[in-house]
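Structural features, examined
In case you want the letters, here they are:
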Amino acid sequence: VNGTFFNVTVNKLFDNDEVVSYLIKTTDLTQMALKLDELHLKESQYKFITDNLIDVLWIHSVGGGFEFVSKSIFRQRGFEVEEYAKMTLDEIMLPDDVTIAKNIFNTKGFLKYSPDNPLTYLAQYYIKDGGIMIGESITFPIIENNKPVQIFGITRDVTERIRQLRKIQEQKSELETILDN
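Note that the coordinates shown come from a computational prediction; the quantities given were computed from them, not determined experimentally.

Quick look at the packing of aromatic side chains now. Applying the stated criterion across every chain, the model contains 7 aromatic pairs. Aromatic side chains Trp-58 and Phe-66 sit 6.1 Å apart centroid to centroid with 85 degrees between the ring planes, which places their arrangement in the edge-to-face category. Both residues of the pair, Trp-58 and Phe-66, count as buried. For the ring pair Phe-79 and Tyr-84, a centre distance of 5.7 Å and an interplane angle of 50 degrees mean the geometry is tilted. Each member of the pair Phe-79 and Tyr-84 is classed as buried. Here Arg-77 stacks its cationic end above the ring of Tyr-125, 4.5 Å away from the centre of that ring.

Here the focus is the sheet that holds strand E5 (residues 119–126). The strand order across the open sheet formed by 5 strands is E4-E3-E7-E6-E5, and the pairing between neighbours is antiparallel. Each edge of the open sheet carries a strand with a single partner, namely strand E4 (66–69) and E5. Sheet twist, expressed as the average angle between the axes of neighbouring strands with direction ignored, equals 25 degrees. Pairing between strand E3 (residues 56–61) and strand E7 (residues 147–157): 6 bridges, direction antiparallel. Directly across from Ser-61, in E7, lies its bridge partner Gln-150. In the packing of helix H6 (residues 159–180) onto the sheet, contacts are made with E5, strand E6 (132–144) and E7, and the angle to E6 comes to roughly 125 degrees.

Residue placement: Gly-130 occurs in the loop between E5 and E6. Judged by its relative accessible area of 61%, Gly-130 falls in the exposed class. Between the C-alpha atom of Gly-130 and that of Phe-74, which follows or precedes it by 56 residues, the distance is 14 Å.

This part covers helix H1 (residues 30–51). Taking 1.5 Å per residue as the helical rise, H1 with its 22 residues ought to reach 32 Å, and the 31 Å between its terminal C-alpha atoms agrees with that figure. Along H1, the positions that sit buried rather than exposed are Thr-30, Ala-33 and Thr-50. Looking at the packing, one finds that the buried side of H1 touches strand E2 (18–28) and E3.

Taken together, Phe-6, Val-8, Val-10, Phe-14, Val-19, Tyr-22 and Ile-24 make up a surface patch of nonpolar side chains, about 710 Å² in accessible area. Counting only elements with at least two residues in the nonpolar patch, the list comes to strand E1 (6–15) and E2. As for its placement among the helices and strands, Val-8 is situated in strand E1.

This part is about the side chain of Ser-137. Counting through the fold element by element, Ser-137 comes out in strand E6. A distance of 2.9 Å separates the side chain of Ser-137 from the side chain of Tyr-125, its partner in a polar contact. The residues touching Ser-137, leaving out its near neighbours within four places in the chain, are Leu-119, Thr-120, Tyr-121, Tyr-125, Ile-154 and Thr-155.

Before going further, it helps to examine the pairing of E6. Summarising the sheet, E5 and E6 pair through 8 bridges and their orientation is antiparallel. Residue pairing across strands places Ala-123 opposite Gly-135, the latter belonging to E6. What sits between E5 and E6 in their antiparallel hairpin is a turn of 5 residues, with Gly-130 showing a positive phi close to 105 degrees. Where E6 and E7 come together, 10 bridges link them in antiparallel fashion. By the bridge assignment for E7, Thr-139 is matched with Gly-153.

Rules of the game
- Throughout this document, residue positions are counted from 1 along each chain, in the order its sequence is written.
- Owing to the predicted nature of the model, reporting of local features is limited to residues with pLDDT of at least 70; listing and counting of side-chain atom pairs is limited to 80 or more, with chain, interface and lining totals taken over all residues.
- As a rule here, side-chain values come from all non-hydrogen atoms in the structure, and water together with hydrogens is ignored.
- Each Phe, Tyr or Trp ring, with Trp reduced to its six-membered ring, pairs with another whose centre is within 6.5 Å; inter-plane angles below 30 degrees give stacked pairs, above 60 give edge-to-face pairs, and intermediate values give tilted ones.
- Buried, partly exposed and exposed residues are distinguished by accessible area as a fraction of the type maximum, computed with a 1.4 Å probe on protein chains only: under 20%, between the cut-offs, and over 50%, respectively.
- A ring is considered to have a charge above it if a Lys NZ or an Arg CZ atom is located within 6 Å of its centre and within 35 degrees of its normal.
- Any two strands with at least two DSSP bridges between them are considered paired.
- Helix numbers and strand numbers start at the N terminus; a helix is a DSSP run of H or I with at least 4 residues, a strand a run of E with at least 2.
- Angles run from 0 to 180 degrees between N-to-C directions of axes, and those axes are lines fitted to C-alpha atoms, restricted for helices to the stretch in contact.
- In what follows, a contact means two residues having at least one pair of non-hydrogen atoms within 4.5 Å.
- One less than the number of residues in a helix, times 1.5 Å, gives the span that helix is expected to have.
- Two distance rules govern patches: like charges are joined within 9 Å, and nonpolar side chains (Val, Leu, Ile, Met, Phe, Trp, Tyr) within 5 Å, applied only to residues with over 30% relative accessible area and no salt bridge.
- The protein chains shown are the only cover counted for residues, whose accessible areas, like all others here, come from Shrake-Rupley with a 1.4 Å probe.
- Salt bridges, as used here, are contacts in which a Lys or Arg side-chain nitrogen is within 4 Å of a carboxyl oxygen on Asp or Glu.
- Here a polar contact is recorded for every N or O atom pair within 3.5 Å, except that within protein the pair must consist of a potential hydrogen donor and a potential acceptor, and residues adjacent in sequence are included only if both atoms are side-chain atoms.

Right, dumping it as structure tokens:
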């Protein structure tokens, strides 16, 4: 009635196989329905955001594999989400970067990082077409019962920015050499 939602339960009460009365219970579900609508709206908003990111959001279990990878992995590296989620670090990163990543994430020092104080690092990642991408990852552990259970990360393609910085450094070095002569 007037946008109000009710759950009605009717039970028959018997006496010698004869219905003698009914027990009717009503529950007002309006607030629950409104909260559910609100939850669906927020879920669709978050889905829209994660589906349209440029950066890749990911969650990796400690000692396991990926539990979540945003759809932007396809735009960034050419992999489908399901394909990427099954890959190991050795299939994702160059060997030196795999070693560094494993050393970082397997130390107690990683526990000092948090959403307010994330760890930021550069690594080289394989692209499906055979190329290499330089990624800047911002990560922190997700802690339960004082133990890290997952690693949350956001990886941005900074390949072009790094190339431009290297080019500027080379030009600066060349200019210094010319000026020194």
